[in-house]
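# Tertiary structure, described
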Amino acid sequence: MSQQVLILPGDGIGPEIVVEAQKVLDVVNSKFNLGLVCDEALVGGAAYDEFGSPLPESTLAKAQAADAILLGAVGGPKWDNLEDRELRPEKGLLGLRSGLELFGNLRPAILYPQLAAASSLKPEVVSGLDILIVRELTGGIYFGQPRGIRTLENGEREGFNTYVYSESEIRRIARVAFESARKRNKKLCSVDKANVLEVTVLWREVLEQMAPEYPDVELSHMYVDNAAMQLVRAPKQFDVMVTGNMFGDILSDAAAMLTGSIGMLPSASLDKNNKGMYEPCHGSAPDIAGQGIANPLATILSAAMMLRYSLNHAQAADAIEAAVSDVLDQGLRTADIYSEGTHKVSTQHMGEAVVAALQKG
Ligand code: NAI
Ligand code: MG
């Protein structure tokens, strides 16, 4: 039976980078006889401009029907001042994440040896870095109710949000993390603030309860402030990290920068059946949109993750990752990862180089 892939280019650099990933998918599709059937729909600013909504019902319906989704990026100054905040492009993304219950966000941070000079950390601290941050994506303080800004009796205003996780929400993200650790180097560090926040006392308890089911995985706990410090002090001590929505947002961006470029980092957001949405970690880069200079590799690597995690085509995923490594070996670099002595190439050139590497491999 064929597998349905929904492509959501989005806006900004989204369409430019997604078109390159699509070329790569087309090649592996025929090379490995995958039987993927791709469809496309609008989301974010592009959908707002066409339909007046960042997540039209037709797009959500297609996303629900698909086996996996590949997304570019959304957002930009063009839509930042929309009166109704619900119509902003980013709401399209949040709507997809919550509408599809994509609670498990996997964000690898890998330092390619060819790009070691791009990291802000010393080579001995960071060379060979390969960690995975598992972030809860549909709960916690970003979604907790009640929330808002209210006026007190004395006329002063106060803003408030609610940090809440149920045991079942913790259990399902912990399961993703334990399983991921099992497939990697079998070390899981859970990050919380259990010295201050009750919600994370429960978080810690639930992980401890589950640990006996994974005797092969070494579980540890760390407070988030220390985790932030350790990530820049000695990041290679980690294998898999698991944490809630807000801490994960911050830590995964920090981890991303250890690798030198946000243009290289893919991500996956999974539901309980491993159906997922795959997208680069970066945004729509409005500052460079339309110039043909964006790095398409994060999106191409997201397509590889999609093949691996949702569509069970590990061999095709390996081939894409090897092709990416090959083009880096050839010295091809988009502007964001360029350094002296390498060859600066356009978005399209980079995409086509990956295609060529795949065809020869
Ligand atoms: P951004 O990730 O779009 O850009 C940050 C910086 O990195 C910019 O200088 C940009 O040119 C550069 N950059 C990003 N991706 C690149 C690539 N593939 N190749 C080369 N350079 C790249 O983050 P920013 O500027 O904070 O946000 C811009 C817009 O994107 C905002 O509207 C924001 O809300 C949205 N956004 C969307 C996300 C998504 O669609 N998942 C995630 C983050 C932000
Ligand atoms: Mg973020």
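Residues numbered from 1 in each chain as written. Chains lettered and ligands numbered in written order. Predicted model: local features only at pLDDT ≥ 70, side-chain atom pairs only at ≥ 80, totals over all residues.

On to the site of ligand 1. Near ligand 1 lie 22 residues; those nearest to it are Gly75, Gly263, His282, Gly283 and Asn295. Split by residue class, the shell around ligand 1 holds 11 nonpolar, 7 polar and 4 charged. (Near = placed C-beta within 6 Å. Nonpolar A, V, L, I, M, F, W, Y, C, P; charged D, E, K, R; others polar.)

The subject of this paragraph is the nonpolar core. Soluble globular proteins tend to bury their nonpolar side chains together. One finds Ala303 and Ile320 to be the most contacted residues of the largest nonpolar core, which totals 107 residues. For this core, the element with the most residues is helix α11 (residues 297-309), which contributes 10 residues. For Ala303, the contacting residues outside a window of four places in its chain are Ala21, Val24, Leu25, Leu70, Tyr278 and Ile320. (Core = buried A, V, L, I, M, F, W, Y, C linked by C-beta atoms within 7 Å. Buried ≥ 20, exposed ≤ 12 C-beta atoms within 10 Å, placed from the backbone. Helix = DSSP H or I, 4+ residues; strand = E, 2+ residues; numbered from the N terminus. Contact = placed C-beta atoms within 7 Å.)

Pairing between sheet strands relies on hydrogen bonds along the backbone, with the strands arranged either parallel or antiparallel. With mixed pairing, the 10 strands of this open sheet are ordered in space as β2-β1-β3-β12-β11-β4-β5-β10-β8-β9. Every other strand in the sheet has two partners, leaving β2 (36-40) and β9 (218-223) as the edge strands with one partner each. Direction aside, neighbouring strands of the sheet carry axes that sit 20° apart on average. As paired strands, strand β8 (residues 187-192) and strand β10 (residues 240-243) are joined by 3 bridges and run parallel to one another. In the sheet register, Leu188 faces β10, and the bridge partner there is Val240. Running at roughly 160° to β8, helix α8 (residues 198-210) makes contact with β8 and β9 of the sheet. (Pairing = 2+ DSSP bridges. Axes fitted to C-alpha atoms, helices over the stretch in contact; angles between N-to-C directions.)

Within this structure's numbering, the places UniProt gives as "binding site: substrate" (unreviewed entry) are Arg97, Arg107, Arg135 and Asp225. For this annotated set, covering 129 residues, the C-alpha atoms extend up to 27.1 Å from each other, a dispersed arrangement in space. Classification of Arg97 as partly exposed rests on a count of 18 C-beta atoms within 10 Å. For Arg97, the contacting residues outside a window of four places in its chain are Leu102, Leu137, Thr138 and Ser269. Position of Arg107 relative to the elements: it lies in strand β4 (residues 104-110). Leave out the neighbours within four places in its chain, and Arg107 touches Ile133, Arg135, Ser252, Ser267 and Cys281. (UniProt positions renumbered as here; feature names shortened; annotations may be inferred.)

Glancing now at helix α12 (residues 314-329). Helix length check: α12, at 16 residues, gives a terminal C-alpha distance of 22 Å against a target of 22 Å (1.5 Å per residue), a fit within 8%. Residues Ala316, Ala317, Ala319, Ile320, Ala323, Val324, Val327 and Leu328 constitute the buried set of α12. Taken together, the buried residues of α12 touch α1 (14-31), α11, β13 (332-333) and α13 (347-360). One or two positions beyond α12, positive phi appears at Gly331, with a value near 85°. (Expected span 1.5 Å × (residues − 1).)

Moving on to the UniProt feature "site: Important for catalysis" (unreviewed entry) in the protein chain. Sequence positions flagged by UniProt for "site: Important for catalysis" (unreviewed entry) are, in local numbering, Tyr142 and Lys193. Take Tyr142: it is sitting in the loop between β5 (130-136) and β6 (148-151). Tyr142 has contacts with Asn245 and Met246, leaving out every residue within four places of it along the chain. Among the residues examined, Lys193 registers 19 C-beta atoms within 10 Å and is labelled partly exposed. Not counting the four nearest positions on each side in its chain, Lys193 is found in contact with Thr200, Tyr223 and Val224.

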